[in-house]
Structures are given as structure tokens and as C-alpha cells.
Amino acid sequence: MRRRYQKGSLQLRKQGGVWVWLGMWREGEHRRTKTLGQKSEISKTAARARLEGILAPLNARQEPETGNMPFGAFVRDVYYPYCRRKWKRSTRMTTEQRIDQHIIPELEDSELRAVRRIALQDLIDRKADSGLSFSVVTHLRWDLRHILRVAVAEGFIERNPAELLFTPQNTKQTVRRMATVAEIAKAFAVVDLRERLIFKLAGIAGMRPGEIFGLKWANLEPPYADVCQRVYHGDIDTPKTPKSIRKAALSESLLSDVSQWRKSSVNTAPDAWVFPSETGKTPLRTDNVRHRHIGPKLKAVGLEWINFQVLRRSCSSIMGDNGIDGKVVADQLGHTLDVNQNVYTRVSFDRQAEAVNRLDSLIRVN
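To keep things clear, this report deals only with the structure shown in the data block. One numbering rule holds for all chains: residues counted from 1, following each sequence as written. Per-residue local features of the predicted model are confined to residues with pLDDT of at least 70, and side-chain atom pairs are confined, for both listing and counting, to 80 or more; whole-chain, interface and lining totals are unaffected and use all residues. Note that water and hydrogens are dropped before the side-chain values are worked out from all heavy atoms of the structure.

**Digging into the overall build of the chain**
Piece 1. Of the regular secondary structure elements, the chain holds 15 helices and eight strands.
Piece 2. Throughout, exposure labels follow a simple rule: accessible area from a 1.4 Å probe, protein chains only, divided by the maximum for the residue type, with under 20% read as buried, over 50% as exposed, and the rest as partly exposed. Counting only residues that meet the buried cut, the chain has 42% of its 366 residues in that class.
Piece 3. Note on contacts: a residue pair is in contact if any heavy atoms of the two residues lie within 4.5 Å. Sequence-distant contacts in the chain: of pairs separated by 6 or more residues, those separated by 24 or more amount to 64%.
Piece 4. Computed with a 1.4 Å probe, the accessible areas rest on the Shrake-Rupley method; for each residue, only the protein chains presented here act as cover. Accessible area for the chain stands at about 20600 Å²; split by element, carbon and sulfur atoms hold 51% of it. Counting from the N terminus, the helices are the DSSP runs of H or I reaching at least four residues and the strands are the DSSP runs of E reaching at least two.

**Some details on the sheet that holds strand S1 (residues 9–15)**
Piece 1. By the convention used here, strands pair only if DSSP detects at least 2 bridges between them. Sheet architecture is open: three strands sit in the order S1-S2-S3, paired in antiparallel fashion. Pairing within the sheet leaves two strands with one partner each, and these edge strands are S1 and strand S3 (30–38). Averaged over all pairs of adjacent strands, the angle between their axes in this sheet comes to 35°, without regard to strand direction.
Piece 2. The sheet contact formed by strand S2 (residues 18–27) and S3 spans eight bridges and is antiparallel. Axis lines are fitted to C-alpha atoms, over the contacting stretch for helices. Their N-to-C directions set the angle, which ranges from 0 to 180 degrees.

**Some remarks on helix H10 (residues 252–264)**
It helps to recall that an α-helix has 3.6 residues per turn; residues three or four apart then point in one direction.
Piece 1. Expected helix span is computed as 1.5 Å times (number of residues minus one). For H10, built from 13 residues, the straight-helix expectation of 18 Å at 1.5 Å per residue is met to within 8% by its first-to-last C-alpha distance of 19 Å.
Piece 2. Among the structural elements, helix H8 (193–203) and strand S4 (220–221) are those in contact with the buried residues of H10.

**Observations concerning the side chain of Glu96**
Piece 1. Tracing the backbone shows Glu96 in helix H3 (residues 89–102).
Piece 2. Judged by relative accessible area, Glu96 falls into the buried class, the value being 11%.
Piece 3. Among residues more than four places away in sequence, those in contact with Glu96 are Tyr80, Arg84 and Trp87.

**Quick look at the sheet that holds S4**
Piece 1. In space, the three strands of this open sheet follow the order S4-S5-S8, with antiparallel pairing throughout. Of all strands in the sheet, those bounded by a partner on one side alone are S4 and strand S8 (246–249).
Piece 2. Pairing geometry for S4 and strand S5 (residues 224–227), over two bridges, is antiparallel. Each residue of the ladder has a partner; that of Glu221, found in S5, is Tyr224.

**Quick look at the packing of aromatic side chains**
Piece 1. Aromatic pairs are defined between Phe, Tyr and Trp rings, using the six-membered ring for Trp, whenever the two ring centres lie within 6.5 Å; interplanar angles under 30 degrees are classed as stacked, those over 60 as edge-to-face, and all others as tilted. Evaluated as defined, the whole model comprises seven aromatic pairs.
Piece 2. Ring geometry for Tyr79 and Trp87: centres 6.0 Å apart, planes at 75°, overall edge-to-face.
Piece 3. By relative accessible area, Tyr79 is classed as buried at 0%.
Piece 4. Its relative accessible area of 15% is what places Trp87 among the buried residues.

**What to know about the packing of helix H5 (residues 117–129) against helix H6 (residues 134–153)**
Piece 1. One way to put it is that H5 packs onto H6 with a least axis distance of 9 Å and a crossing angle of 160°. On the basis of their axis angle, the class for H5 and H6 is roughly antiparallel. Relative to H6, the crossing made by H5 is right-handed. Counting all contacts with H5, which are made through Leu120, Leu123, Ile124, Lys127 and Ala128, the residues of H6 involved are Val137, Leu140, Arg141, Leu144 and Leu148. Note on terminology: angles under 35 degrees are roughly parallel, angles over 145 are roughly antiparallel, angles of 65 to 115 are roughly perpendicular, and the others are oblique. Put simply, a crossing is left-handed when the front helix is turned counterclockwise from the back one by less than a right angle, and right-handed when it is turned clockwise.

**Notes on the layout of surface pockets**
Piece 1. Estimated volume of the second largest pocket: approximately 580 Å³.
Piece 2. Every definition here rests on a 1 Å grid over the protein atoms only: cavities are sets of points where a 1.4 Å probe fits but cannot get out, pockets are open sets enclosed by protein on both sides within 12 Å along at least five of seven lines, and lining residues have some atom within 4 Å of a point. If you go around the second largest pocket, you meet 21 residues; those closest to its centre are Ser43, Thr45, Ala46, Ala49 and Arg89.
Piece 3. Secondary-structure elements contributing two or more residues to the lining of the second largest pocket are helix H1 (44–60), H3 and strand S7 (235–237).
Piece 4. Here the lining of the second largest pocket gets six residues from one element, more than from any other, and that element is H1.
Piece 5. Gly is placed with the polar residues, together with every amino acid not listed as nonpolar (Ala, Val, Leu, Ile, Met, Phe, Trp, Tyr, Cys and Pro) or charged (Asp, Glu, Lys and Arg). Per-class residue counts for the lining of the second largest pocket are six nonpolar, four polar and 11 charged. Grid points are joined across faces, edges and corners, and a volume is the space filled by probe spheres set on the points.

Structural measurements only, silent on function.
In C-alpha cells:
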């Protein structure tokens, strides 16, 4: 029989006058303990993640019951512990929520060896028919494929029934709206200095909101912003990908706004937040700034649909429309060239018309 998956125990204890997180678990008949870090240095979530990293190899060494294991138990006892060792907290939150909400309820008690491609494709089709976006349905397809790839690798099943799954053609396609130069300029003009600087860092420097609110004054030295950390739901983390760690160039107007904001800021020490909360100990929350300070003013001028994602996408596309090299844009925004070209950049109709007219003239000349 497969031994029960263990989560271990996490406790806060005082050692040598310092509060530390202590992890406890069992190996066979023996109890094990390990200091995971000081409370002042790591959060409870980070301590729990470290403990899960220690326990994952122990849980993985347990002999599987091959395909008799229920799908839900496999995800919770094998798949999640394995993936949590490499997932960022943001990835973990969104992925587990998606799987727990849309996949587990459908396949909870199904034995792994009994899961078939037709049933999985039917599940994907139902999700598409329910009105979920193309992005969510495609992610669910990827989730199923990866879960069952791990099941194959761990010896629970012989073949992956999810390899040939596809996203249905009728899946709801999300329209990724773009802002024009005039609309962006208007959005910048109607907000106050702090919000204008935040919006410009997204719309001109191409930074993600988590990167903007993760800035400390030591990271905002002309002529660039040193992007080396981000904030996600209040947690300080590394940027989204290795490519996201970069120096984002700042424009002349941005440098001017940075200078004005520095003069009006209470604390401009190198380790102080550029956009602090009222206490000054933590950075501002993205949603709070958006809903309380930016949204109402944009709504008053009919631009409430402009958000950080629209600004970042528009930043990439406008630079592309004005002949700026794609590699330069990709490096500025902190992603690879293929992502820049295929996800963020949208070519304007004028450029398309210019391209076909140029081709037409070449063909007629020749």
C-alpha cells in the first residue's frame, strides 16, 4: 500500500533569542526537525515552501499503486509537491486555483489508468462552451497534458491520453484592446504626479505593474530603472523570468517626473520604496492604486478600459509601428523576441497597407 502523503509540521520557536521557523516531519520511525529560517527574514509561506521542498523527495520515493490511484489524489499528493519546488508563488496560486476549480471536480475519483483522451477532450469542450476564454481553456489543456506527463514519468500510467488534446475552434477569443498615442497622452494628463509616473513606467518604459511597485530608490537611478525584483500580492519576489531582470531605459519626461516625485517623497533613502503605502514599510498595492486613484479619473474621460496590460501592449506596438527594432523592444519590456512579436506587438493597419502597396509596386515594376 502507498504510505500516506505527509505535509509535515511548521512551528514558530525561539532559538538563542531569535524567532525561527522550525519544520518537523517523519522518516520511517524517526522524527526529523530542521530550522528553515528566521521569522524576520522569511515569511510563513516561504518557510512552508522550504519544508515542502524537503518532503517532496520523501513523498516521491513512495511506491505508487500504478494506475489505481485516483486522479485527484495524484494531483494533490504527487503533482503539486513536485511542481511547487519550481513554481513561483504567482504561478502556484493561479495554476492550482485553475486546476482545483476546473479539473479536479471533473476527475476527482477517476482512476488514472481509466482516464481516456475522449473524456478529456469532452471536458475541454465543455469548458469552452461554458464561456471560458481562449487563454483559460488553453491553459487547462496544458495543465492536463503536464499532469499526465508526470504520471507517465512516475510510472503511474504507460501512455499520456492528453497529448493530442486541442482547444476547440468555438472557444471565446478575447479582444486585446490597444490604445492610440492620443489616448495614452490623455490618460497621462488626467492623473496626478504619482499615478502619472506609475502609468508612464508601464506605457513608456514598458514595465509590469509588479516591477513598478517593487522599485526602491536604489533601483531608480537615471537613466534607467534596475528591474531586479517584483511585488505579487504583497510578497517580494524575483521578476517573472530571467529575461525580466534588466535595465529599463527611462525617457526624458519620465526622468523629469522621477525628479519631481523624489522631491515630494518623504523617504528617498536607497532602501525606501519609490511608491510606499501609508506606513512606508510596504509598497502600494496595484489594485488599490488602480481602483482608487487612476480608475475614477480615467472613467471621467471615457478611458476606464486602459489598464497596465493595455499600456504595456500599446508600448510594444507603437514602438514597432515607428520602426524601432524588435530586439530593442523585447529587451526593454523584458521578454524574448518571439513573445514580443507574437503576443505584445500588434501591427497597425496603416503599416499593413504600406507593406502590400510596396509589394504591389515591386511586382508591377518587375
